[in-house]
Amino acid sequence: MTPTESFLDLPAGAFRALTWGNGDETVLFLHGLTAVAEVWGPAIRALPPVRRYVAIDQRGHGQSPRPDTGYGTGDYIADTLAAIDRLGAPVHLVGHSMGGRIALLLAARQPRKLKSVAIVDIGPEASKPNITATIASIESRPETFDDRRAAIAFAFRNRAPTPEAVALFLARLEPLPGGGYRWWSPRHALTETVRIHRGRGYWREWRRIRVPALFVHGGRSNEVSMAVAERMRAGNPAVRFERYDDAGHNIPLIAPERLAKSLESFWGSLETGGAT
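Calculation rules
- Counting from 1, residues in each chain are numbered in the order their sequence is written.
- Where local features are concerned, this predicted model is filtered to residues with pLDDT of at least 70; where side-chain atom pairs are given and counted, the filter is 80 or more; whole-chain, interface and lining totals use all residues.
- Computation of side-chain values: all heavy atoms of the structure, hydrogens and water removed.
- Only protein chains enter the area calculation, which uses a 1.4 Å probe; residues under 20% of their type maximum are buried, those over 50% are exposed, and those in between are partly exposed.
- Strands are runs of DSSP state E lasting at least 2 residues, helices are runs of H or I lasting at least 4, and numbering of each runs from the N terminus.
- Any two strands are treated as partners once DSSP identifies two or more bridges connecting them.
- Side-chain rings of Phe, Tyr and Trp (the six-membered ring for Trp) are treated as a pair once their centres are within 6.5 Å; stacked means planes under 30 degrees apart, edge-to-face means over 60, and tilted covers the remaining angles.
- When the strands point away from the viewer and the path from the first strand over the helix to the second turns clockwise, the crossover is right-handed.
- Directions are taken from the helix axis to each C-beta atom, and the arc is the one they span.
- Among buried residues, those of type Ala, Val, Leu, Ile, Met, Phe, Trp, Tyr and Cys that are joined through side-chain atoms within 4.5 Å constitute a nonpolar core.

Caption draft 1: The arrangement of the pairing of strand β2 (residues 13–20) in detail. Burial analysis of β2 places six of its eight residues in the buried class, which makes it a mostly covered element. Where strand β1 (residues 4–10) lies against β2, seven bridges are found, and the strand directions are antiparallel. The residue bridging serine 6 from the neighbouring strand is alanine 17, located in β2. Hairpin connection, β1 to β2: the antiparallel pair is bridged by two residues. With four bridges joining them, β2 and strand β4 (residues 52–56) adopt antiparallel strand pairing. Paired with threonine 19 across the strands is valine 54, a residue of β4.

Caption draft 2: View of the packing of aromatic side chains. Summed over the entire model, instances satisfying the criterion amount to ten aromatic pairs. Between phenylalanine 156 and phenylalanine 169 the ring centres are 6.1 Å apart and the planes differ by 75°, which places this aromatic pair in the edge-to-face class. Of the two residues, phenylalanine 156 is situated in the loop between α5 (148–155) and α6 (163–170) and phenylalanine 169 in helix α6; the sequence distance between them amounts to 13 residues. You can call phenylalanine 169 buried: its relative accessible area is 10%. When the centroid spacing of 5.7 Å and the interplanar angle of 85° are considered together, the rings of phenylalanine 169 and tryptophan 183 count as edge-to-face. A residue pair is termed long-range when its members are at least 10 positions apart, and phenylalanine 169 in helix α6 and tryptophan 183 in strand β9 (residues 181–183) qualify at 14 residues. We note that phenylalanine 169, like tryptophan 183, is buried.

Caption draft 3: Main features of the pairing of strand β10 (residues 213–218). Counting buried residues along β10, six of its six residues qualify, which places the element largely inside the surrounding structure. In the sheet, strand β6 (residues 114–120) pairs with β10 via four bridges, with the strands oriented parallel. Bridge pairing in β10 links isoleucine 119 to phenylalanine 215. Where β10 and strand β11 (residues 240–244) come together, five bridges link them in parallel fashion. Bridge pairing in β11 places leucine 214 opposite arginine 240. Handedness of the β10-helix α9 (residues 226–235)-β11 crossover: right-handed.

Caption draft 4: Region of interest: the sheet that holds strand β7 (residues 144–145). With antiparallel pairing, three strands are arranged side by side in an open sheet as β7-β9-β8. Across the chains shown, the open sheet's two edge strands, defined by having one partner strand only, are β7 and β8 (173–175). Here β7 runs beside β9; their pairing, made up of two bridges, is antiparallel. Across the sheet, the residue bridging to phenylalanine 145 is tyrosine 181, located in β9.

Caption draft 5: α9, seen in detail. Looking only at α9, the buried set comprises Val228, Ala229 and Met232. What you see down the axis of α9 is that its buried residues fit within an arc of 100°, all on one side. Opposite the packed face of α9, turned more than 90 degrees from it, sit the exposed residues Ala227 and Ala234.

Caption draft 6: Structural view of the nonpolar core. Within the largest apolar cluster, 44 residues are counted, with the highest numbers of intra-cluster contacts made by Leu28, Leu93, Val117, Ile119, Trp206, Ile209 and Phe215. Sorting elements by how many residues they give to this core places helix α3 (residues 98–109) first, with eight residues. Val27, Trp40, Ala43 and Ala118 belong to the second largest nonpolar core, which has 27 residues in total.

Set out below in C-alpha coordinates:
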(Lines give C-alpha, C1' and ligand atoms only; values in the text may rest on other atoms or scores of the structure.)
Protein backbone atom coordinates (compact mmCIF):
# COMPACT_ATOMS: atom_id res chain seq x y z
CA MET A 1 0.00 0.00 0.00
CA THR A 2 1.17 3.49 -0.89
CA PRO A 3 -0.22 6.37 1.19
CA THR A 4 -1.98 9.45 -0.10
CA GLU A 5 -1.35 12.80 1.57
CA SER A 6 -4.15 15.16 2.57
CA PHE A 7 -4.94 17.80 5.17
CA LEU A 8 -7.77 17.58 7.69
CA ASP A 9 -9.42 20.93 8.38
CA LEU A 10 -9.72 20.86 12.20
CA PRO A 11 -10.49 23.66 14.70
CA ALA A 12 -6.78 24.11 15.44
CA GLY A 13 -5.84 24.30 11.77
CA ALA A 14 -4.96 22.03 8.85
CA PHE A 15 -3.49 18.73 10.05
CA ARG A 16 -1.45 16.64 7.65
CA ALA A 17 -2.62 13.06 7.21
CA LEU A 18 -1.36 10.02 5.34
CA THR A 19 -3.95 7.43 4.33
CA TRP A 20 -3.41 3.82 3.29
CA GLY A 21 -6.31 1.78 1.91
CA ASN A 22 -10.04 2.47 1.83
CA GLY A 23 -11.76 -0.25 3.85
CA ASP A 24 -14.97 0.21 5.81
CA GLU A 25 -13.23 0.38 9.19
CA THR A 26 -10.85 3.22 10.06
CA VAL A 27 -7.70 2.95 12.18
CA LEU A 28 -6.15 6.21 13.38
CA PHE A 29 -2.45 6.19 14.32
CA LEU A 30 -0.77 8.71 16.69
CA HIS A 31 3.03 8.99 16.61
CA GLY A 32 5.45 9.76 19.42
CA LEU A 33 7.48 12.82 20.34
CA THR A 34 9.52 14.36 17.45
CA ALA A 35 8.00 11.91 14.95
CA VAL A 36 5.70 12.31 11.93
CA ALA A 37 2.99 10.23 10.28
CA GLU A 38 5.52 8.33 8.14
CA VAL A 39 6.83 6.36 11.13
CA TRP A 40 3.74 4.14 10.94
CA GLY A 41 4.39 3.15 7.33
CA PRO A 42 6.44 -0.01 8.04
CA ALA A 43 3.76 -1.45 10.36
CA ILE A 44 0.84 -0.43 8.15
CA ARG A 45 2.41 -2.02 5.07
CA ALA A 46 2.49 -5.29 7.02
CA LEU A 47 -1.26 -5.12 7.70
CA PRO A 48 -3.87 -6.51 5.31
CA PRO A 49 -5.46 -3.89 3.01
CA VAL A 50 -8.94 -4.42 4.42
CA ARG A 51 -9.23 -1.16 6.40
CA ARG A 52 -8.54 2.53 6.01
CA TYR A 53 -5.36 3.36 7.92
CA VAL A 54 -4.79 7.05 8.72
CA ALA A 55 -1.74 8.54 10.44
CA ILE A 56 -1.59 12.24 11.28
CA ASP A 57 1.18 14.67 12.13
CA GLN A 58 0.17 15.79 15.61
CA ARG A 59 0.31 19.45 16.70
CA GLY A 60 3.83 20.77 16.95
CA HIS A 61 5.02 18.05 14.59
CA GLY A 62 5.47 17.69 10.87
CA GLN A 63 3.32 19.91 8.69
CA SER A 64 0.49 20.28 11.19
CA PRO A 65 -0.05 23.49 13.22
CA ARG A 66 2.86 24.57 15.41
CA PRO A 67 1.43 27.22 17.75
CA ASP A 68 3.56 29.17 20.21
CA THR A 69 1.82 27.43 23.13
CA GLY A 70 -0.98 24.95 23.74
CA TYR A 71 0.67 21.54 24.13
CA GLY A 72 -1.21 20.08 27.08
CA THR A 73 -2.86 16.68 26.88
CA GLY A 74 -6.22 18.44 26.50
CA ASP A 75 -5.00 20.17 23.34
CA TYR A 76 -3.81 16.91 21.79
CA ILE A 77 -7.04 15.17 22.82
CA ALA A 78 -9.16 17.90 21.23
CA ASP A 79 -7.23 17.53 17.97
CA THR A 80 -7.65 13.77 17.98
CA LEU A 81 -11.38 13.94 18.74
CA ALA A 82 -11.83 16.41 15.90
CA ALA A 83 -9.89 14.11 13.55
CA ILE A 84 -12.02 11.13 14.61
CA ASP A 85 -15.21 13.06 13.93
CA ARG A 86 -13.91 14.06 10.48
CA LEU A 87 -12.94 10.48 9.69
CA GLY A 88 -16.16 9.01 11.09
CA ALA A 89 -16.44 7.71 14.64
CA PRO A 90 -15.96 5.18 16.05
CA VAL A 91 -12.42 4.24 15.01
CA HIS A 92 -9.70 1.89 16.16
CA LEU A 93 -7.01 4.06 17.79
CA VAL A 94 -3.30 3.17 17.95
CA GLY A 95 -0.76 5.34 19.73
CA HIS A 96 2.95 5.04 20.44
CA SER A 97 4.79 6.85 23.24
CA MET A 98 3.38 10.41 23.40
CA GLY A 99 0.60 9.30 21.06
CA GLY A 100 -0.02 6.29 23.26
CA ARG A 101 -0.65 8.54 26.25
CA ILE A 102 -3.24 10.49 24.27
CA ALA A 103 -4.82 7.21 23.18
CA LEU A 104 -4.92 6.05 26.81
CA LEU A 105 -6.67 9.23 27.95
CA LEU A 106 -9.16 9.15 25.08
CA ALA A 107 -10.05 5.54 25.83
CA ALA A 108 -10.80 6.48 29.43
CA ARG A 109 -12.64 9.73 28.75
CA GLN A 110 -14.34 9.26 25.36
CA PRO A 111 -14.93 5.52 24.95
CA ARG A 112 -17.90 5.95 22.59
CA LYS A 113 -15.57 7.41 19.98
CA LEU A 114 -13.52 4.21 19.81
CA LYS A 115 -13.96 0.66 18.65
CA SER A 116 -10.68 -0.26 20.35
CA VAL A 117 -7.41 1.21 21.55
CA ALA A 118 -3.83 -0.04 21.26
CA ILE A 119 -1.24 1.64 23.49
CA VAL A 120 2.36 1.01 22.47
CA ASP A 121 5.08 1.35 25.12
CA ILE A 122 4.01 4.24 27.30
CA GLY A 123 2.85 4.24 30.89
CA PRO A 124 0.54 6.42 32.98
CA GLU A 125 3.21 7.42 35.50
CA ALA A 126 4.61 10.89 36.10
CA SER A 127 8.39 11.05 35.71
CA LYS A 128 10.51 14.07 36.60
CA PRO A 129 13.74 12.24 35.63
CA ASN A 130 12.23 11.56 32.19
CA ILE A 131 11.34 15.24 31.82
CA THR A 132 14.88 16.30 32.69
CA ALA A 133 16.58 13.77 30.40
CA THR A 134 14.27 14.30 27.44
CA ILE A 135 14.47 18.10 27.55
CA ALA A 136 18.26 17.93 27.86
CA SER A 137 18.36 15.79 24.72
CA ILE A 138 16.07 18.18 22.83
CA GLU A 139 18.08 21.23 23.85
CA SER A 140 21.39 19.64 22.87
CA ARG A 141 20.37 18.72 19.32
CA PRO A 142 21.46 20.85 16.34
CA GLU A 143 18.48 22.88 15.15
CA THR A 144 19.63 22.98 11.53
CA PHE A 145 21.83 20.90 9.23
CA ASP A 146 23.85 22.26 6.33
CA ASP A 147 22.97 19.38 4.06
CA ARG A 148 21.63 15.84 3.85
CA ARG A 149 24.96 14.28 4.72
CA ALA A 150 25.25 16.28 7.96
CA ALA A 151 21.71 15.34 8.98
CA ILE A 152 22.31 11.63 8.37
CA ALA A 153 25.66 11.74 10.18
CA PHE A 154 23.93 13.18 13.26
CA ALA A 155 21.06 10.71 13.24
CA PHE A 156 23.17 7.61 12.69
CA ARG A 157 26.31 8.46 14.62
CA ASN A 158 25.91 5.30 16.73
CA ARG A 159 24.59 2.83 14.14
CA ALA A 160 24.65 2.07 10.46
CA PRO A 161 21.57 3.33 8.61
CA THR A 162 19.34 1.38 6.27
CA PRO A 163 17.74 3.20 3.32
CA GLU A 164 14.33 2.98 5.02
CA ALA A 165 15.70 4.37 8.30
CA VAL A 166 17.27 7.29 6.43
CA ALA A 167 13.99 8.06 4.65
CA LEU A 168 12.03 7.96 7.91
CA PHE A 169 14.53 10.23 9.63
CA LEU A 170 14.54 12.76 6.79
CA ALA A 171 10.73 12.86 6.99
CA ARG A 172 11.19 14.59 10.37
CA LEU A 173 13.11 17.43 8.73
CA GLU A 174 11.93 20.42 6.73
CA PRO A 175 14.04 21.17 3.62
CA LEU A 176 15.28 24.77 3.54
CA PRO A 177 15.54 26.92 0.41
CA GLY A 178 19.33 27.05 0.64
CA GLY A 179 19.68 23.28 0.66
CA GLY A 180 19.85 22.64 4.39
CA TYR A 181 17.33 21.17 6.81
CA ARG A 182 15.66 21.99 10.10
CA TRP A 183 13.38 19.97 12.36
CA TRP A 184 9.68 20.11 11.60
CA SER A 185 9.10 19.99 15.38
CA PRO A 186 10.26 23.24 17.03
CA ARG A 187 12.02 23.06 20.35
CA HIS A 188 9.37 25.02 22.27
CA ALA A 189 6.63 22.60 21.19
CA LEU A 190 8.58 19.56 22.30
CA THR A 191 9.71 20.92 25.66
CA GLU A 192 6.24 22.17 26.61
CA THR A 193 4.75 18.83 25.61
CA VAL A 194 7.23 16.88 27.74
CA ARG A 195 6.87 19.11 30.81
CA ILE A 196 3.09 18.89 30.80
CA HIS A 197 2.55 15.30 29.71
CA ARG A 198 5.09 13.74 32.06
CA GLY A 199 4.35 16.13 34.91
CA ARG A 200 1.40 14.20 36.31
CA GLY A 201 0.21 10.63 36.49
CA TYR A 202 -2.78 9.05 34.77
CA TRP A 203 -3.28 5.89 36.79
CA ARG A 204 -6.93 6.69 37.45
CA GLU A 205 -7.56 6.91 33.70
CA TRP A 206 -5.65 3.69 33.09
CA ARG A 207 -7.88 1.82 35.54
CA ARG A 208 -11.01 3.27 33.90
CA ILE A 209 -10.33 1.89 30.40
CA ARG A 210 -13.16 -0.44 29.42
CA VAL A 211 -13.10 -0.31 25.63
CA PRO A 212 -11.28 -3.28 24.08
CA ALA A 213 -7.63 -2.44 24.72
CA LEU A 214 -4.17 -3.77 23.91
CA PHE A 215 -0.95 -2.71 25.64
CA VAL A 216 2.37 -3.57 23.96
CA HIS A 217 5.50 -3.33 26.13
CA GLY A 218 9.09 -3.36 24.94
CA GLY A 219 10.99 -5.58 27.36
CA ARG A 220 14.09 -3.41 26.93
CA SER A 221 12.21 -0.12 26.94
CA ASN A 222 13.82 2.91 28.54
CA GLU A 223 10.36 4.53 28.83
CA VAL A 224 8.30 1.86 30.60
CA SER A 225 10.11 -0.11 33.29
CA MET A 226 9.22 -3.70 34.14
CA ALA A 227 7.84 -2.49 37.46
CA VAL A 228 5.54 0.05 35.84
CA ALA A 229 4.42 -2.43 33.17
CA GLU A 230 3.54 -5.04 35.80
CA ARG A 231 1.67 -2.43 37.84
CA MET A 232 -0.28 -1.60 34.68
CA ARG A 233 -1.08 -5.27 34.10
CA ALA A 234 -2.35 -5.65 37.66
CA GLY A 235 -4.16 -2.30 37.66
CA ASN A 236 -6.36 -3.11 34.66
CA PRO A 237 -6.51 -6.84 33.89
CA ALA A 238 -9.15 -6.16 31.22
CA VAL A 239 -6.39 -4.80 28.95
CA ARG A 240 -4.75 -7.39 26.70
CA PHE A 241 -1.01 -7.36 27.52
CA GLU A 242 1.89 -8.27 25.22
CA ARG A 243 5.61 -7.93 25.83
CA TYR A 244 8.36 -8.05 23.20
CA ASP A 245 11.25 -9.21 25.36
CA ASP A 246 13.99 -8.23 22.92
CA ALA A 247 12.55 -4.86 21.83
CA GLY A 248 13.24 -1.37 23.09
CA HIS A 249 10.92 1.62 23.13
CA ASN A 250 10.59 2.48 19.44
CA ILE A 251 8.51 -0.56 18.52
CA PRO A 252 6.86 0.87 15.35
CA LEU A 253 10.32 1.16 13.75
CA ILE A 254 12.25 -1.74 15.27
CA ALA A 255 9.50 -4.38 15.23
CA PRO A 256 6.86 -3.20 12.72
CA GLU A 257 5.93 -6.63 11.38
CA ARG A 258 5.53 -8.03 14.87
CA LEU A 259 3.42 -5.04 15.88
CA ALA A 260 1.24 -5.50 12.81
CA LYS A 261 0.74 -9.14 13.73
CA SER A 262 -0.25 -8.17 17.28
CA LEU A 263 -2.70 -5.55 16.04
CA GLU A 264 -4.28 -7.90 13.52
CA SER A 265 -4.68 -10.61 16.16
CA PHE A 266 -6.20 -8.10 18.57
CA TRP A 267 -8.67 -6.71 16.03
CA GLY A 268 -9.53 -10.23 14.94
CA SER A 269 -10.37 -11.16 18.52
CA LEU A 270 -12.94 -8.37 18.64
CA GLU A 271 -14.89 -10.04 15.84
CA THR A 272 -15.01 -13.30 17.78
CA GLY A 273 -15.71 -11.70 21.15
CA GLY A 274 -12.37 -12.58 22.71
CA ALA A 275 -10.62 -9.24 23.19
CA THR A 276 -8.96 -9.99 26.52
